[in-house]
Amino acid sequence: MKLILLLALILSAQAYAQDDNKNLGASEHQENHEQEEGKHGSGHDHGNKHEGSKHGGDHGHKGGMMQGGEHGHKGGKHGGGHDHGDEHEEGKHGGGHGHHGMNNVKQFFEPLPASIIDEKENAALIKLGKMLYLDPRLSVNNKISCNSCHGLNNFGVDNEPTSPGHEGKRGGRNSPTTMNAALHIAQFWDGRARDVEEQALGPILNPIEMGMPNKETVVKKIQAIDEYQTLFAEAFSQEGHPFNYNNIGKAIGAFERTLLTPSRFDDFLNGDENALNKSEKRGLKKFMHMGCTNCHNGVAVGGNSYKKIGLVEPYETSDMGRFEVTGLESDKKVFKVPSLRNITKTAPYFHDGSVETLDEAIQLMAKHQLGRDHVGHGMIRDIKAFLGSLTGKGQ
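Fair warning: this is a prediction, and the values are worked out from it, not measured in the lab.

A.B. asks: Describe the environment of Tyr-245, and please don't skip the residues or the numbers.
C.D. replies: Among the secondary structure elements, Tyr-245 is positioned in helix α9 (residues 245–256). With near-sequence residues (within four places) excluded, Tyr-245 lies in contact with Leu-201, Ile-204, Leu-205, Lys-215, Val-218 and Val-219. A polar side-chain atom of Tyr-245 sits 2.7 Å from the main-chain carbonyl oxygen of Leu-201.

As structure tokens, this is what we get:
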């Protein structure tokens, strides 16, 4: 009798394993054979030109494809080990090193929250922040606003490698999107601003960007505008003297906290299995199996850790990244990992905006961060398809 029960348990376990594999395995197997035979697919690659510059260093919320490595996972949920297998292993058989099918998606990712600021309670502050964000009068020549480099109608970017400032000069770093930036552990590529409120104040005084000479000049200029008299009084009603430089950052930061972009991937994480198509699901699985989730994880799919670019294979760049902030030798070429939300819309990529297309970004990350010299067309196609599911639905 015990022998019969044991056999029944074994058969039941085998049947369960087969069912779990079928969810993605069957369609993946067929699709991956097609990929290997040369059907590469197009994908949605909006590889125009992306956001701004180092801007003297003061634009740096997030942006292109990421950098992987060893420096400090401060937030989010971290990926498993690097999978150095080939496309055959990742795409077809659902194996990888420690990843089993799609059951562990929530181990790595979280859906966007509905809100991260009480918009009703902070309505006056947000209204003021939006006006300041759009106002070119914050610049020395009344020509450059936050929106110039971080367009609200363009996924928070300008699609430039580096953005022009008030005199048309460009800095050395790409200015990434403001969308979902408030979810990051810090701001700028080197993480030197702790939040969006602090970050918002940097470009105003940066000589390359908006070019204002000092805080006092900014406050005096804004205070002389009648509409701001009312808006500041309403937003900071508990303060006897609402006009000060830090309050400008508080208002812009409050507005930026409303810039969340829920996507179909969030629907998928919230239980809608039909929110992603087969190609996107296959790409998600490969994204996890290849080891991308070691760095791109959590609610923003990145933005929650610092990594060295060129972890496995050295990457040539003169930018020393976080080293310029900390002075630590170990922080050379270390940057904040960008979020991948809206990534198909925010080209070009990397800290210097030097990579024009998402295809190339995927290839370079695989090589320099994961040690994979050869990534197949099918792998790139499917991962890019998955990344397209991270685009905000209302954008």
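A.B. asks: Tell me about unusual backbone geometry, and please be specific about residues and values.
C.D. replies: Backbone geometry follows two general trends: most residues other than glycine have a negative phi, and most peptide bonds adopt the trans configuration. Omega for the bond connecting Ala-347 with Pro-348 falls within 30 degrees of zero, at -5 degrees, which places this linkage in the cis form. Along the chain, Pro-348 falls in the loop between β2 (334–336) and α13 (358–370). The phi dihedral of Phe-188 falls on the positive side, at around 75 degrees, and the residue is not glycine. Among the structural elements, Phe-188 can be located in the loop between α5 (146–149) and α6 (196–205). Residue classification places Phe-188 among the buried residues on the basis of a relative accessible area of 4%. The backbone of Phe-350 shows a phi angle near 80 degrees, a positive value even though the residue is not glycine. One can find Phe-350 in the loop between β2 and α13. For Phe-350, a relative accessible area of 0% gives the class buried.

A.B. asks: Would you mind going over the pattern of salt bridges in detail, with residue names and values included?
C.D. replies: Going through the model one piece at a time under the given rule, you end up with 18 salt bridges. The network of salt bridges with shared partners includes Arg-173, Asp-190, Arg-192, Asp-319 and Glu-324.

Criteria and thresholds
- Residues numbered from 1 in each chain as written.
- Predicted model: local features only at pLDDT ≥ 70, side-chain atom pairs only at ≥ 80, totals over all residues.
- Heavy atoms only, no water.
- Helix = DSSP H or I, 4+ residues; strand = E, 2+ residues; numbered from the N terminus.
- Contact = heavy atoms within 4.5 Å.
- Polar contact = N/O pair within 3.5 Å; in protein donor to acceptor, adjacent residues only side chain to side chain.
- Buried < 20%, exposed > 50% of the residue type's maximum accessible area, 1.4 Å probe, protein only.
- Salt bridge = Lys/Arg side-chain N within 4 Å of Asp/Glu carboxyl O.

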